Amino acid sequence: MITIYLKQYNKIVRNADIKLFDDLGYDDILWIDMLSPTIKEQKAVENFMEINLQTRQQVEEIESTSKYSETENAIISNSNFFLPTGESFVIEPVSFIISEGVLISVRNSEFRTFSEAAKRLQMNYRSYPTGYHLLISILEVRIDFDADLVESLARQIALLSKDISMNESVDKEVIKRINHLQENTMLIRENIFDRQRVLSGILRSERFPNDIYPKLSLMIKDVNSLINHADFSSDRLDYMQDTALGLINIEQSNVTKIFTVAALFFMPPTMIASLYGMNFKHMPETEWEYGYVFALGLMVLVSCLTYVYFKWKKWL
């Protein structure tokens, strides 16, 4: 699917017909947004803009040089975006190309960032006279969403920390929750760091309009503060994990001590019973018809009661 944002009648008009390229010039178009484009749509954009779109493999490259680069007639920037999947995230790459002042975005998933950026464009189109301004706006929206993710993660960590401090025991589910939060924190931090590299590349460029650079400096400061916040969350999770493992070790030590005491308690009677064998002449059960069955049943009953009691005390 392709969406073309046209500059017409002092407003922004959306259109999805690639045949418009036959009658339009670069000055008529502000943004070409391509969502899972077909080969026909890709060829139409490449022929109109006289550029080559990147393949998915090129977009997914992790080298710093691939995040931002410039050619003679185009600016290429690749950035990762979050795609929520339940309580986790999937990272999807997005490619941006600016040529002749027109922004071209190529993606394979729907992101709230783009719908929000399109909404801002429709409401105040005069603030985005070129594709350069629009790219900065998209990155700005994404940074705002990144900040929301970092704050949400911090709240989840605070709630988990409160649960650990209020509960007397810690089970493996707590460790799983900590590991899950650690994984999300790592993904968020890597994603924000990716944004930092893109912004740094833009800041070093001399091809963007001068009125963009002051905003870029503020955005980089925001990104740095988010990285620091994510680092703090990661350190806090490491501390919580050490605390949880320490509590589990203490609990296991207590259980081991209980079993040791129980073993010592039953050792003298067991030793005496072993020495004498309980083979006395005057034992009522030896003459009882059901004495053997009774003894076996009593052993099973005592074993089951012991298991249930230990399970109830959470020693097993």
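1. Regarding unusual backbone geometry
- Positive phi, close to 45 degrees, is recorded for Ser36, a residue that is not glycine.
- In this fold, Ser36 is placed in the loop between β3 (29-35) and α1 (39-49).
- A residue is classified by how much of its surface remains accessible, and Ser36, at 36% relative accessible area, is partly exposed.
- Phi is positive for Glu50, close to 60 degrees, though the residue is something other than glycine.
- Its place among the elements puts Glu50 in the loop between α1 and α2 (56-59).

2. What about the pattern of salt bridges?
- In total, this model carries 12 salt bridges according to the counting rule given.
- For Arg195, the salt bridge goes to Asp146, with nearest N and O atoms at 3.0 Å. On the criterion of sequence distance, the pair formed by Arg195 in helix α6 (residues 172-204) and Asp146 in helix α5 (residues 131-166) is long-range, its members being 49 residues apart.
- Note on Asp146: relative accessible area 2%, which makes it buried.

3. Examining the nonpolar core
- Trp31, Ile202 and Phe208 are the most contacted members of the largest nonpolar core, which totals 56 residues.
- Counting residues per element, the ones that place at least two in this core are β3, β5 (75-85), β6 (88-99), α4 (112-123), α5, α6 and α7 (213-276).
- At 13 residues, the largest contribution of residues to this core is made by α5.
- Formed by 21 residues, the second largest nonpolar core is a distinct cluster that contains Ile2, Leu24, Ala44 and Ile51.

Analysis parameters
Residues numbered from 1 in each chain as written. Predicted model: local features only at pLDDT ≥ 70, side-chain atom pairs only at ≥ 80, totals over all residues. Heavy atoms only, no water. Helix = DSSP H or I, 4+ residues; strand = E, 2+ residues; numbered from the N terminus. Buried < 20%, exposed > 50% of the residue type's maximum accessible area, 1.4 Å probe, protein only. Salt bridge = Lys/Arg side-chain N within 4 Å of Asp/Glu carboxyl O. Core = buried A, V, L, I, M, F, W, Y, C linked by side-chain atoms within 4.5 Å.

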